[in-house]
Amino acid sequence: MLSGQLVRHLFSMAGRVCLSRSSAGLGTIGPVEAAIRTKLEQALNPEVLELRNESDAHAVPPGSETHFRVAVVSSRFEGLSPLQRHRLVHAALSEELAGRVHALAIQTRTPAQWEGKTKDSLGRLFLINMGPYK
Amino acid sequence: MGCSGGRAPGRLPGVRGGEPRSRRRSAAAMSGSLSRAAAALLRWGRGAGGGLRAPGVRAAGSGGDGGGRSAAQLDTLVKKDKVVVFLKGTPEQPQCGFSNAVVQILRLHGVRDYAAYNVLDDPQLRQGIKDYSNWPTIPQVYLNGEFVGGCDILLQMHQNGDLVEELKKLGIRSALLDEKKDQDSK
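Residues numbered from 1 in each chain as written. Chains lettered and ligands numbered in written order. Predicted model: local features only at pLDDT ≥ 70, side-chain atom pairs only at ≥ 80, totals over all residues. Heavy atoms only, no water.

Chain B is annotated in an unreviewed UniProt entry as Glutaredoxin-related protein 5, mitochondrial from Canis lupus familiaris. Its UniProt record gives chain B the following Subunit (unreviewed entry) comment, quoted word for word: "Homodimer. Interacts with ISCU. Interacts with BOLA1." Quoted straight from UniProt, the Function (unreviewed entry) entry for chain B says "Monothiol glutaredoxin involved in mitochondrial iron-sulfur (Fe/S) cluster transfer. Receives 2Fe/2S clusters from scaffold protein ISCU and mediates their transfer to apoproteins, to the 4Fe/FS cluster biosynthesis machinery, or export from mitochondrion. Required for normal regulation of hemoglobin synthesis by the iron-sulfur protein ACO1." (UniProt positions renumbered as here; feature names shortened; annotations may be inferred.)

Naming follows an unreviewed UniProt entry, where chain A appears as BolA-like protein 1 of Canis lupus familiaris. Annotation of chain A in UniProt includes, under Sequence similarities (unreviewed entry), the sentence "Belongs to the BolA/IbaG family." You can read under Function (unreviewed entry) in the UniProt record for chain A the words "Acts as a mitochondrial iron-sulfur (Fe-S) cluster assembly factor that facilitates (Fe-S) cluster insertion into a subset of mitochondrial proteins. Probably acts together with the monothiol glutaredoxin GLRX5. May protect cells against oxidative stress."

K.L.:
For the overall build of chain A, give the residues involved together with the corresponding values.
P.N.:
On a plain count of helices and strands, chain A comes out with five helices and three strands. The helix and strand sequence of chain A, counted from the amino end, reads α-α-β-β-α-α-β-α. Pairs at least 24 residues apart make up 65% of the contacts formed inside chain A by residues separated by at least 6 positions. Taken as a whole, chain A presents about 6400 Å² of accessible surface, with 52% of it coming from carbon and sulfur. (Helix = DSSP H or I, 4+ residues; strand = E, 2+ residues; numbered from the N terminus. Contact = heavy atoms within 4.5 Å. Areas by Shrake-Rupley, 256 points an atom, 1.4 Å probe, with all protein chains shown as cover.)

K.L.:
Explain the packing of helix α3 (residues 97-108) of chain B against helix α5 (residues 151-160) of chain B residue by residue, including any values.
P.N.:
Residue and element names in this part refer to chain B. Across the interface, α3 lies against α5 with an axial gap of 9 Å and an inter-helix angle of 25°. When the axis of α3 is compared with that of α5, the two are roughly parallel. When the axes of α3 and α5 are compared, the crossing they make is left-handed. Counting all contacts with α3, which are made through F98, A101, V102, I105 and L108, the residues of α5 involved are C151, L154, L155 and H158. Residue classes in the contact of α3 with α5 are distributed as eight nonpolar, one polar and no charged. (Axes fitted to C-alpha atoms, helices over the stretch in contact; angles between N-to-C directions. Parallel < 35°, antiparallel > 145°, perpendicular 65-115°, else oblique. Left-handed = near helix turned anticlockwise from the far one by under 90°. Nonpolar A, V, L, I, M, F, W, Y, C, P; charged D, E, K, R; others polar.)

Below, the structure is given as structure tokens:
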């Protein structure tokens, strides 16, 4: 079905980012990235938290911390709609979103959803254990 | 998913899909004397009300009214059309990869009659809609006056089939259903 292609398309877009990311120096974690991680850990007590600084793929100066992608697995998301889950993430990062962070891609899963990820095509969009988006 | 901050990041290359037929017409209409700044609201295709609406460009909030964006005004705005999106850029020329993704998802479902507001043309709208929806980033998608989310959520709805169902509630048949039927009948 075409949708598969679309998804690949969309993620090749979001994903150009990730292609460049692998060469972007994994050792450098900026203060904003560190703050995002800390705040999400405190707010959501996640079982899994993956965070990527994708700024290098955008038209911003090298070393910027403006564009991020985050994947969170947390039991706090139980019973919440996607909208509500995203709001939780936004709330935890309100300071960053009001400041320097321009873009934040969010993926949320409950532990149960995460466990079943091999059966769930959505799981393939998840950051963990993934190579670059194609 | 979306962008919140100062300037729009450059559009990522290589992601533009083909243009639907009706869009070409409206793009042609746009290339005329209308300035991009006036193109805050784009609309094309047939109106939901049944009458033929000429494809073209209508300005929303540029020029005349100039006033702030009250919650009541935005309330009217998001309820005026069944499908309303707030983008960086236009459906023809999204200025942000996330806005582009929203446009492409709608295109894939064959949704052509939707109201698209370019927040880059209207700083008040840009901030106003964030406040209204309590959502810090653009794009933003409304179905039947209800805030649905940004790019990530629309994509998720596309993938898990919810979008087809939500469109059905609005009386819009997703083009993906027909596509599937074609495949099944082969």
